[in-house]
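Residue-level listing of the chains:
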Amino acid sequence: MKTRLIRSRTLALAATMLAAAPIALAPMMATPAHAWRIVYDPTNYAQNVLTAARSLEQITHQITSLQNEAQMLINQAKNLASLPFSALQQIQQSVQKTQQLLQQAQGIAFDVQQIDQMFSQKYGNVSMSATDQQLVANARSRWQNTVGGLQDAMRVQAGAVGNIDSNRAQMSALVGQSQGATGALQATQAGNQLLALQSQQLSDLVALLAANGRAGALTEAERSAAAEQGREQRRRFLTPGGGYTPGNAQMFNNGN
């Protein structure tokens, strides 16, 4: 029974193979050896499209990175650009004018040694051996120093006032340059020049204080020296034989 069953199955399988053989061999026998055909693979196509998209994205990132680097270099170039404006020459000229006025001080200059020498000679204690002519000459010299000091102070004041217009124009130009600066260096240089302008204005203020203080000191020194000289001259006048001769004063004419 089993043998019959196996035999029948074997015959059925062979029949099936014989029936399918012409169908499988027919195309192979009909197709030439050199013929080919395109095989479409959706999975491979999708993978290729995804790879191309990723490559395009990487290229886009690289282009953006290059653009950012180029902009950074441009900004660095702007930050390193120098300010095409300088007020240093005008500021130095203003300082030199004030210095020249101080150097032209009359009588006693702004010099420590000269001040000490002059005060020792003409503003110190009056020498009891000095002649009347020497006392008068010293008093006149002190008066001239005082007048010269007052004149010098007024000249320095006039010079400082004259610098105001120049300072105003320079400040306006520097502020405009600072506001229109294209980089950090230009803004810094404009700020430094503004500080230099302020320093020049402070130097004018110091010069004014020095000139006014000098004039006031000479006035007080002359007053003190004049008082000392007055006491010496009074002493000499009251000394017997010094010019004052006591006598009897007659108030009324009793003879009439």
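Residues numbered from 1 in each chain as written. Predicted model: local features only at pLDDT ≥ 70, side-chain atom pairs only at ≥ 80, totals over all residues. Heavy atoms only, no water.

**Observations concerning a nonpolar patch on the surface**
Nonpolar side chains collect at one region of the surface, where Leu202, Leu205 and Leu209 lie side by side and expose about 310 Å² of accessible area between them. Looking at the secondary structure, you find Leu205 in helix H6 (residues 184-238). By relative accessible area, which is 44% here, Leu205 ends up partly exposed. (Patch = residues over 30% accessible without salt bridge, like charges linked within 9 Å, V, L, I, M, F, W, Y side chains within 5 Å. Areas by Shrake-Rupley, 256 points an atom, 1.4 Å probe, with all protein chains shown as cover. Salt bridge = Lys/Arg side-chain N within 4 Å of Asp/Glu carboxyl O. Helix = DSSP H or I, 4+ residues; strand = E, 2+ residues; numbered from the N terminus. Buried < 20%, exposed > 50% of the residue type's maximum accessible area, 1.4 Å probe, protein only.)

**Thoughts on the pattern of salt bridges**
Taken as a whole, this structure holds 6 salt bridges when the rule is applied. With a shortest N-O distance of 2.9 Å, Arg214 and Asp152 are connected by a salt bridge. One end of the pair, Arg214, is in helix H6; the other, Asp152, is in helix H5 (residues 132-179), and 62 residues separate them in sequence. Residue Glu232 pairs with Arg235 through a salt bridge whose shortest N-O separation is 2.6 Å. Taken as a pair, Glu232 and Arg235 lie in helix H6 at a separation of 3 residues, close to a single helical turn. One salt-bridge network, held together by shared partners, links Asp132, Glu232, Arg235 and Arg236.

**Overview of the side chain of Ser94**
Looking at the element boundaries, Ser94 is found in helix H3 (residues 88-103). Those residues within four positions of Ser94 in sequence are excluded, and the remaining contacts are Asn163, Ser166, Asn167 and Gln200. (Contact = heavy atoms within 4.5 Å.)

**Digging into the nonpolar core**
If you look at the biggest cluster of nonpolar residues, it comprises 8 residues: Leu101, Ala153, Val156, Ala160, Ala207, Leu208, Ala211 and Ala215. When contributions to this core are tallied by element, the ones reaching two or more residues are H5 and H6. A total of 4 residues in this core trace back to one element, the largest contributor, which is H6. Val156 has contacts with Leu101, Leu102, Ala207, Leu208 and Ala211, leaving out every residue within four places of it along the chain. Ile108, Tyr123, Ala221 and Ala225 belong to the second largest nonpolar core, which has 6 residues in total. (Core = buried A, V, L, I, M, F, W, Y, C linked by side-chain atoms within 4.5 Å.)

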